[in-house]
Amino acid sequence: MAVGVLMPQAGISVESCIITEWLKKPGDNIDVGDILFSYETDKASFECESTAAGTLLEIFFEDGDEVPVLINVCAVGNIGEDASALRPSGEAPAGGGEAAPAEAARSAAADASAAEVSPAPAAIAQINSGEMKISPRAKNLAASQSVDARLASPTGPYGRVIERDVRKLMEQGGASTSAAFGVVSAAAPGSFTGTGIGGKVSVNDLDAAYAAVPASAPDAPGYRDAAFTGIRRAISKSMTVSLSTIPQLTHTFSFDATEIMSFRTQLKEKGEGLGLPNITLNDMILYAVSRTLPKYPELNAHMLDGNNIRYFKDVHLGIAVDTERGLLVPVLKHANRKSLSQIAVESKALAKAAQGGSLPIDDMQGGTFTISNLGVFGVESFTPVINPPQTGILGVNAITSRPREINGEIKLYPAMGLSLTYDHRAIDGAPVSRFGKELCESLASFRLLLV
């Protein structure tokens, strides 16, 4: 009996996931635990393991589809079994996946044949330039066979053109020769009548069409359209909500970084011999913030709505991490209870997991205050945006040389800048300024903070 494999729920709050790439195709033999496809949420990427053994009979969604969690994404069973009852909402199988083994074999062979043809980049750009919805496999097939996919009748989920739609268009003669394809696909659908073999539009057809009014083919577009990834959509939504609903102000501070730079140098020279982990300036800032925040509960809080706020006893620091997939913010839980060495080890482990795409969803939830360090890029000042429902975020800036008078002489010193953005509904400017002043004093005399 055929059984369905569900889209996993990668976290309690996750409602849907995006399939990034199928690694198996209909007709393949599947064992329990085999990786069927990769997928991503708005925060991380994962791989889906098969929960059933047998033959992959059908796949119900294609690469790029956003799929609600805990519904069937494919069917696994014995060759010849009917899997139609497992399809979500009775939809036809996506991507040409068929229950019949013969059809599955033909589809696989066609895929392999299409894959051997390297589609011209310009042709793919022409297909991408429209507003149509088209699957990656259909797009590549259309480009390699010089087919204008805009003429295809979509039968895929959500009005998407899929591979079988392109093949049907090819059977109906909706293709052009490779020499004419660039012009045909840049024109309005139906602009040319084909007289070539199988009804294809040829160069001669183009010459005849333009005989009255000579014209040259338009240049390829100088841009590329792309849909947001799950993470980019989440960032877009969060930042829009933050800036449109929260009255945010930013205070800037600076402190003499001589002390922490000197301490950092000593740790690099002697720390390994003492069995200490690699402790960076950012680790010291995390430590100082975790010790200062409990005195200012309005900054270690969540806004529940416009009139209610939740104060937290412990400090759960969000650490902004730049990854290939976008900005992620893992959370260092109970930072106020951890030593400097623990903070150094755990923060780096979180960052590594985020950059590698293996960070669990739970490790990105529950933050009470966020720190974003752009100083490593040479940024001298910026305005960090609050991560709702938090009430504050600290931006760490680059160290610059500043002059000051010492005993009647002007001398330079290393100054590190801090940018503190806060929710003015939760806290006023005076206590924010006191927090910033105390934090700077703690960092300027960091060794005393450790005592």
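This write-up is about the structure you can find in this document. Predicted, not measured: the structure shown is a model, and the values here were computed from it. (Residues numbered from 1 in each chain as written. Predicted model: local features only at pLDDT ≥ 70, side-chain atom pairs only at ≥ 80, totals over all residues. Heavy atoms only, no water.)

Thoughts on the sheet that holds strand 18 (residues 409-423)
Within the open sheet, the six strands sit side by side as 9-18-17-16-12-15. Their pairing is mixed. Of all strands in the sheet, those with a lone pairing partner are strand 9 (248-256) and strand 15 (331-332), marking the two edges. Two strands pair when backbone bridges link them, and strand 12 (residues 317-319) and strand 16 (residues 369-373) are joined in this way by three bridges, in the parallel orientation. Directly across from Gly318, in strand 16, lies its bridge partner Thr370. (Pairing = 2+ DSSP bridges. Helix = DSSP H or I, 4+ residues; strand = E, 2+ residues; numbered from the N terminus.)

Comments concerning the side chain of Glu259
You can see Glu259 is positioned in helix 8 (residues 258-270). According to the relative accessible area criterion, Glu259 is buried, its value standing at 19%. When residues no more than four places from it in sequence are discounted, the contact partners of Glu259 are Leu443, Ala444, Ser445, Phe446 and Arg447. (Buried < 20%, exposed > 50% of the residue type's maximum accessible area, 1.4 Å probe, protein only. Contact = heavy atoms within 4.5 Å.)

Concerning the pairing of strand 17 (residues 392-406)
Of the strand pairs in this sheet, strand 16 and strand 17 are connected by four bridges, and their pairing is parallel. In the sheet register, Ser372 faces strand 17, and the bridge partner there is Gly395. As judged from the 13 bridges shared by strand 17 and strand 18, these two strands associate in the antiparallel manner. When the sheet's bridge partners are listed, Glu405 is paired in strand 18 with Ile410. Hairpin remark: strand 17 followed by strand 18, antiparallel, with two residues in the connecting loop; positive phi at Asn407, about 55°.

Observations concerning the pattern of salt bridges
The tally for this structure, following the rule as stated, stands at 13 salt bridges. One salt bridge connects Arg233 with Glu66, and the closest N-O pair in it is separated by 3.5 Å. Taken as a pair, Arg233 in helix 7 (residues 230-245) and Glu66 in strand 7 (residues 66-68) lie far apart in primary sequence, 167 residues in all. Using a relative accessible area of 39% as the deciding quantity, one classes Glu66 as partly exposed. (Salt bridge = Lys/Arg side-chain N within 4 Å of Asp/Glu carboxyl O.)

Re the packing of aromatic side chains
In total, this model carries seven aromatic pairs according to the counting rule given. With centroids separated by 5.5 Å and ring planes inclined at 25°, the aromatic side chains of Tyr39 and Phe46 adopt a geometry described as stacked. Among the aromatic residues, those joined into a cluster by ring pairs are Trp22, Phe37, Tyr39 and Phe46. One residue, Arg404, lies across the ring of Tyr413, its end atom 4.2 Å from the ring centre. (Phe/Tyr/Trp six-rings, centres within 6.5 Å; stacked < 30°, edge-to-face > 60°. Lys NZ or Arg CZ within 6 Å of the ring centre and 35° of its normal.)

Description of helix 4 (residues 163-171)
Along helix 4, the residues that are buried comprise Glu163, Asp165, Val166 and Leu169. Down the axis of helix 4, the buried side of the element spans an arc of 165°, and every buried residue falls inside it. The outward face of helix 4, more than 90 degrees from its buried face, is lined by the exposed residues Lys168 and Glu171. (Arc of directions from axis to C-beta.)

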